[in-house]
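Fold and geometry: a report
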Amino acid sequence: AETRDRLVRISVLQEAALQSFQAFAPKPLLTSFSRHAAKPCVHDAVVLRTELLDGTSNPPPTHDEWFELQSCRVDSLQGLMDEIQTTIIADAKASQRAALKRLAYLGMPLLLLCFCAATVGLRALTGLVTYQERVSEKLRKLKSSERKYKRLLLAWAPLSAWVRAVETDNEDDDDDASAAAR
């Protein structure tokens with residue numbers, strides 16, 4: 001009776017799993033399951049299970065008969081599971097490729113934008129460095145020219161002579177202004 005109760009619980013779980021599989025499996029896998037269910041050993045195992053559940057199995061099967069039927073059925077189910085696994089792996093790879101394509105489709109504009117921004121930034125930085133170098137060169141030339149001018153000024157027109165020249169110019173301007181005022 002305990003064995004029969006376990007068989008009943010297992011049969012209920014198997015039927016629920018089968019209904020779930022049939023509800024969600026793609027058509028090629030349902031076709032594969034139909035081939036599995038059509039095998040003589042699978043059919044005989046289902047009949048034997050039904051007889052054991054109903055209590056109509058006379059005489060009960062021997063262990064060897066039971067083992068032979070279940071082994072054939074398990075081997076067939078293993079083939080079905082391998083096919084399901086192959087389908088799942090193929091779907092996963094297809095999904096991965098589709099995700100990579102979406103990523104490339106959405107990511108390429110962003111990468112292009114980043115590249116363009118980096119290029120513009122690099123050109124601006126290069127222009128700034130070039131401008132800074134030009135300004136530095138002009139300042140260096142101006143300072144050099146100023147130093148040369150000061151040396152020439154000191155060599156050719158000493159400060160005392162320059163002061164006298166400015167005083168003389170101022171006196172001439174004052175005389176001209178006085179004469180004009182008269």
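The structure we're discussing is the one just above.
Here is a short report on the structure shown in this document.

Basis of the calculations
- Each chain has its residues counted from 1, following the order in which its sequence is written.
- Restriction of local features to residues with pLDDT of at least 70 applies here, the model being predicted, together with a cutoff of 80 or more for giving and counting side-chain atom pairs; totals for whole chains, interfaces and linings are based on all residues.
- The basis for every side-chain value is the complete set of heavy atoms in the structure, and neither hydrogens nor water enter the calculation.
- In this description a helix means any DSSP run of H or I spanning at least four residues, a strand means any run of E spanning at least two, and both kinds are numbered starting from the N terminus.
- Each residue gets one of three labels from its accessible area relative to the maximum for its type: buried under 20%, exposed over 50%, partly exposed in between, using a 1.4 Å probe on protein chains only.
- The accessible surface values rely on the Shrake-Rupley method and a 1.4 Å probe; as for residues, cover is taken only from the protein chains in view.
- Each patch is built from salt-bridge-free residues with over 30% relative accessible area, joining like charges within 9 Å and nonpolar side chains (Val, Leu, Ile, Met, Phe, Trp, Tyr) within 5 Å.
- For this document, the term salt bridge refers to a Lys or Arg side-chain nitrogen within 4 Å of an Asp or Glu carboxyl oxygen.
- Note that His is not counted, nor are the chain ends; the positive residues are Lys and Arg, and the negative ones are Asp and Glu.
- A charged residue contributes its charge at one atom only: NZ of Lys, CZ of Arg, CG of Asp or CD of Glu.
- Note on geometry: axes are lines fitted to C-alpha atoms, helical ones only across the stretch in contact, with angles between N-to-C directions running from 0 to 180 degrees.
- Any angle that is under 35 degrees is reported as roughly parallel, and any over 145 degrees as roughly antiparallel; angles of 65 to 115 degrees are reported as roughly perpendicular and all others as oblique.
- Note on definitions: a residue-residue contact is assigned when non-hydrogen atoms from the two residues lie within 4.5 Å.
- Residues are sorted three ways: Asp, Glu, Lys and Arg are charged, Ala, Val, Leu, Ile, Met, Phe, Trp, Tyr, Cys and Pro are nonpolar, and all the rest, Gly among them, are polar.
- The disulfide criterion is simple: two cysteine sulfur atoms within 2.5 Å.
- Definitions for this section: a left-handed crossing has its near helix turned counterclockwise from the far helix by less than a right angle. A right-handed crossing has that turn clockwise.

1. Concerning the overall build of the protein chain
Helix and strand counts for the protein chain come out as five helices and zero strands. Along the protein chain, helices and strands appear, N-terminal first, in the series α-α-α-α-α. Residues classed as buried in the protein chain amount to 11% of the 182 residues present. Of the roughly 15200 Å² that the protein chain leaves accessible, carbon and sulfur atoms contribute 64%.

2. Overview of a nonpolar patch on the surface
A cluster of nonpolar side chains, Leu125, Leu128, Val129, Tyr131, Val135, Leu139 and Leu142, forms an exposed patch at the surface whose accessible area comes to about 670 Å². Mapped onto the elements, tyrosine 131 comes out in helix H4 (residues 63-156).

3. Some thoughts on a positive patch on the surface
On the surface, Lys143, Arg147, Lys148 and Arg151 cluster together to form a positively charged patch. For arginine 147, the location among the structural elements is in helix H4.

4. What to know about the packing of helix H1 (residues 2-24) against helix H2 (residues 27-37)
When two helices pack together, their arrangement is given by the angle between the helix axes and the distance between those axes. Interhelical geometry of H1 versus H2 gives an angle of 140° and a closest axis separation of 8 Å. Between H1 and H2, the angle is such that the two are oblique. Within the contact between the two elements, H1 uses Leu18, Phe21 and Gln22 and H2 uses Leu29, Leu30 and Phe33. Per-class residue counts for the contact of H1 with H2 are five nonpolar, one polar and no charged.

5. Points about the state of the cysteines
Across all of its chains, the model carries one disulfide by this definition. The partner cysteine of cysteine 41 in its disulfide is cysteine 72, sulfur to sulfur 1.9 Å. Residues cysteine 41 and cysteine 72 are joined by a disulfide whose S-S torsion is about -65°; by sign, that bridge is left-handed. One end of the pair, cysteine 41, is in helix H3 (residues 40-54); the other, cysteine 72, is in helix H4, with 31 residues separating them in the sequence.

6. A look at the packing of H1 against H3
Packing of H1 against H3 brings their axes to within 10 Å, and their N-to-C directions diverge by 130°. What the angle tells us is that H1 and H3 run oblique. Along this stretch, H1 crosses H3, giving a crossing that reads as left-handed. On the side of H1, the interface is formed by Arg4, Leu7, Val8, Ser11, Gln14 and Glu15, while H3 contributes Arg49, Leu52, Leu53 and Asp54. Residues of the contact of H1 with H3, tallied by class, amount to four nonpolar, two polar and four charged.

7. A closer look at the pattern of salt bridges
Taken as a whole, this structure holds three salt bridges when the rule is applied. As a salt-bridge pair, glutamate 15 and arginine 49 come within 3.3 Å of each other at their nearest N and O atoms. Of this pair, glutamate 15 sits in helix H1 while arginine 49 sits in helix H3, and the two are 34 residues apart along the sequence.

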